[in-house]
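Below, each chain spelled out in residue letters.
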Amino acid sequence: MSIHENLLGGPPPTYLPDDPEPREALASGAAPAEVAANYPASSLAWAQLADDAFEAGRTVESYAYARTGYHRGLDALRRNGWKGHGPIPFEHEPNRGFLRALHALARAAQAIGEQEEYERCSAFLKDSSPTAAGTLG
């Protein structure tokens, strides 16, 4: 029996297809804004923009970037069979952009006083990937 097997009969995990170009561009030092412009569907690029803005104290800008990455990720998840709930494993690297954007959205929402959205996004992250919730903070 696999440790990831769902004994309650819930939906199977969703694994986004690999999209190496934006990840490789960011890893090689390309500016996140340039990567987002070249790959606007990449949640990873938007999540990096959100992280950079948050670290620089630009909380509202971080919120906007995170929300964009979150929605782009939801679109990708739905295109790949996700029905609005179920595991989105952090261990699968292509899922990390969405999960990072979701974490960034929760963080920025809390910072601007959107407590209900913070709680909703935090619960969504934990439900989707306990590993992501623990790793991202």
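Residues numbered from 1 in each chain as written. Predicted model: local features only at pLDDT ≥ 70, side-chain atom pairs only at ≥ 80, totals over all residues. Heavy atoms only, no water.

(A) The arrangement of helix 1 (residues 20-27) in detail. Along helix 1, the residues classified as buried are P22, A25 and L26. Buried residues of helix 1 fall within an arc of 95° about the axis and therefore sit on the same side. Counted as exposed and oriented over 90 degrees from the buried face of helix 1: E24 and A27. Elements that come into contact with the buried residues of helix 1 comprise helix 2 (32-38) and helix 3 (43-55). (Buried < 20%, exposed > 50% of the residue type's maximum accessible area, 1.4 Å probe, protein only. Helix = DSSP H or I, 4+ residues; strand = E, 2+ residues; numbered from the N terminus. Arc of directions from axis to C-beta. Contact = heavy atoms within 4.5 Å.)

(B) Local environment of helix 4 (residues 59-79). When the terminal C-alpha atoms of helix 4 are compared, their 30 Å separation across 21 residues agrees well with the 30 Å that a helix rising 1.5 Å per residue should span. Taken together, the buried positions of helix 4 are occupied by S62, Y63, A66, G69, Y70, G73, L74, A76 and L77. Looking straight down helix 4, one finds that the buried residues subtend no more than 160° of arc, so they occupy a single side. Every exposed residue of helix 4 that faces more than 90 degrees away from the buried side is listed here: V60 and R79. In this fold, the buried residues of helix 4 make contact with helix 3, helix 5 (96-111) and helix 6 (115-128). Downstream of helix 4 by one or two residues, G81 has phi in the positive range, about 95°. (Expected span 1.5 Å × (residues − 1).)

(C) Region of interest: the side chain of S128. Position of S128 relative to the elements: it lies in helix 6. In this structure, S128 is in contact with G86, P87, I88, P89 and L99, ignoring residues within four places of it in sequence.

(D) Fine view of the nonpolar core. Counting residues in hydrophobic clusters, the biggest one holds 24 residues, and the most contacted among them are Y70, F98, L99, L102 and F124. Elements with a contribution of two residues or more to this core: helix 4, helix 5, helix 6 and helix 7 (130-136). Each residue touching L99, except ones within four places of it in the same chain, is listed here: I88, P89, F90, L125, S128, S129, A132 and L136. Judged by nonpolar contacts, the second largest core, of 8 residues, contains A25, L26, A36 and L44. (Core = buried A, V, L, I, M, F, W, Y, C linked by side-chain atoms within 4.5 Å.)

(E) Broad picture of the pattern of salt bridges. The tally for this structure, following the rule as stated, stands at 7 salt bridges. Note that R107 and D51 form a salt bridge whose closest N and O atoms lie 2.9 Å from each other. With a gap of 56 residues between them, R107 in helix 5 and D51 in helix 3 connect regions that are remote in the sequence. D51 sits in the buried class, given a relative accessible area of 14%. (Salt bridge = Lys/Arg side-chain N within 4 Å of Asp/Glu carboxyl O.)

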